[in-house]
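# Working through the structure, step by step
Single-letter residue listing:
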Amino acid sequence: KDSVIGQKIFSLIKAEISLISWHTPLDKVEDGVSEAFLKELGFQGAGFVLEEKGENFGKFGLGRVVYLEKSIKLQDLAQQIKSKLNTWVMLVGDSEQEINSFAFCGGSCGFLKDKVKSLGINTFITCDVKYHQAKDSLEEGFNFILLDHGVAESLVLKTLKEKLLQEFSVEVEIFKEESPYKII
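Residues numbered from 1 in each chain as written. Predicted model: local features only at pLDDT ≥ 70, side-chain atom pairs only at ≥ 80, totals over all residues. Heavy atoms only, no water.

A count of helical and extended segments in the chain gives eight helices and seven strands. By its C-alpha atoms, the chain is 55 × 45 × 25 Å across when sized along the principal axes. Per-residue burial for the chain yields a buried fraction of 38% across its 184 residues. Of the contacts formed within the chain by residues at least 6 apart in sequence, a portion of 54% connects residues at least 24 apart. If you sum the accessible surface of the chain, you get close to 11,900 Å²; carbon and sulfur atoms cover 52% of it. Averaged over its 22 positive side-chain charges, the chain has a centre that lies 1 Å from the centre of its 28 negative ones. (Helix = DSSP H or I, 4+ residues; strand = E, 2+ residues; numbered from the N terminus. Buried < 20%, exposed > 50% of the residue type's maximum accessible area, 1.4 Å probe, protein only. Contact = heavy atoms within 4.5 Å. Areas by Shrake-Rupley, 256 points an atom, 1.4 Å probe, with all protein chains shown as cover. Lys, Arg positive; Asp, Glu negative; His and termini not counted. Charge placed at Lys NZ, Arg CZ, Asp CG, Glu CD.)

All chains considered together, the criterion is met by seven salt bridges. With a closest N to O distance of 2.8 Å, Asp 31 and Lys 163 form a salt bridge. Within this pair, whereas Asp 31 is found in the loop between helix H2 (24-28) and helix H3 (33-41), its partner Lys 163 is found in helix H8 (residues 157-167), the two being separated by 132 residues in sequence. By relative accessible area, Lys 163 is classed as partly exposed at 42%. Here Lys 158 ties to Glu 40 by a salt bridge, and the two come within 3.1 Å at their closest N and O atoms. Of the two residues, Lys 158 sits in helix H8 while Glu 40 sits in helix H3, which places them 118 residues apart along the sequence. Given a relative accessible area of 31%, Glu 40 falls into the partly exposed group. Salt bridges sharing common partners tie together Lys 113, Lys 117 and Glu 140. (Salt bridge = Lys/Arg side-chain N within 4 Å of Asp/Glu carboxyl O.)

So, about the environment of Thr 126. With respect to the helices, strands and loops of the structure, Thr 126 is situated in strand E6 (residues 123-126). The spacing of Thr 126 and Leu 77 is 49 residues in sequence and 13 Å in space, taken between C-alpha atoms. A polar contact of 3.1 Å, which involves the side chain of Thr 126, links it to the backbone oxygen of Gly 107. (Polar contact = N/O pair within 3.5 Å; in protein donor to acceptor, adjacent residues only side chain to side chain.)

Attention now moves to the packing of aromatic side chains. Taken as a whole and judged by the stated rule, the model has five aromatic pairs. When the centroid spacing of 3.7 Å and the interplanar angle of 5 degrees are considered together, the rings of Phe 37 and Phe 104 count as stacked. Taken together, the residues Phe 37 in helix H3 and Phe 104 in strand E5 (residues 98-104) connect sequence positions 67 residues apart. Across the pair, exposure class does not vary: Phe 37 and Phe 104 are buried alike. Considering the side-chain rings of Phe 43 and Phe 102, the 5.2 Å spacing of their centres and the 80 degrees angle between planes classify their relative orientation as edge-to-face. (Phe/Tyr/Trp six-rings, centres within 6.5 Å; stacked < 30°, edge-to-face > 60°.)

Turning our eyes to something else, we now look at the sheet that holds strand E4 (residues 89-92). The strand order across the open sheet formed by five strands is E3-E5-E6-E7-E4, and the pairing between neighbours is mixed. The strands lining the two open edges of the sheet, one partner per strand, are strand E3 (64-73) and E4. Mean inter-strand twist for the sheet, computed between neighbouring axes without regard to direction, equals 25 degrees. One ladder, built from four bridges, connects E4 with strand E7 (residues 143-147); its direction is antiparallel. Each bridged residue has a counterpart across the sheet, and for Met 90 the counterpart in E7 is Leu 146. Running at roughly 145 degrees to E5, H3 makes contact with E3, E5, E6 and E7 of the sheet. Strand contacts of helix H4 (residues 74-85): E3, E4, E5, E6 and E7, with the helix running at about 115 degrees to E3, the strand carrying the most contacts. (Pairing = 2+ DSSP bridges. Axes fitted to C-alpha atoms, helices over the stretch in contact; angles between N-to-C directions.)

Shown next as C-alpha cells:
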C-alpha cells in the first residue's frame, strides 16, 4: 500500500477482483500485440522480425514483417495509422519516400532496428526510440513511424478477451487507460 502500484493491487484484492496483466509474452506470441496491430490496419504479416523457436511452442518472436503488394508513401502509411487508430504519429525519414515493406513491433522496440535493416527493410513502425537513434536513422535513410505505446499494445485486448470467453465462463472487462502523453 506504500506505492501507487501497491495501492492499485490492494484495491483489487479488497474488491475481490482478479486481474490479468500480461506484457512481454503478448509481444512474442503469434497472435499477440504485433498481429493485432496488423489486423486492425488490414495488413498480413509475413514472419517475425526476431524469430525464436521453442520445443513446446513452435515459432514465436518479436515483431512482424509486412511486404506490400503496392508501394505507398511513408507519409500515407503514417496517415493511415493515425486515422484508423485515432492516435498521434511521428515520422523519422523522407515522408515522400515510396516503401514496399515495413516491420512493426509494439512497445519499445527501437533496439530491433539493425535486425530490421538486415532483413532488407528500411521502415520500422514502433513506439519508442531514442533521439540519437532517430537522428542516425534519418542520416542513414532509415524510416521510423512512431505511435502511442499504449494504443499500439491495447489492440490485442479484444483478441485476448475473445479467447478468455471461449475457455471460461467469466465476465471480462477491458480497462483502457488514458495515454500519459498530451499532444498540444
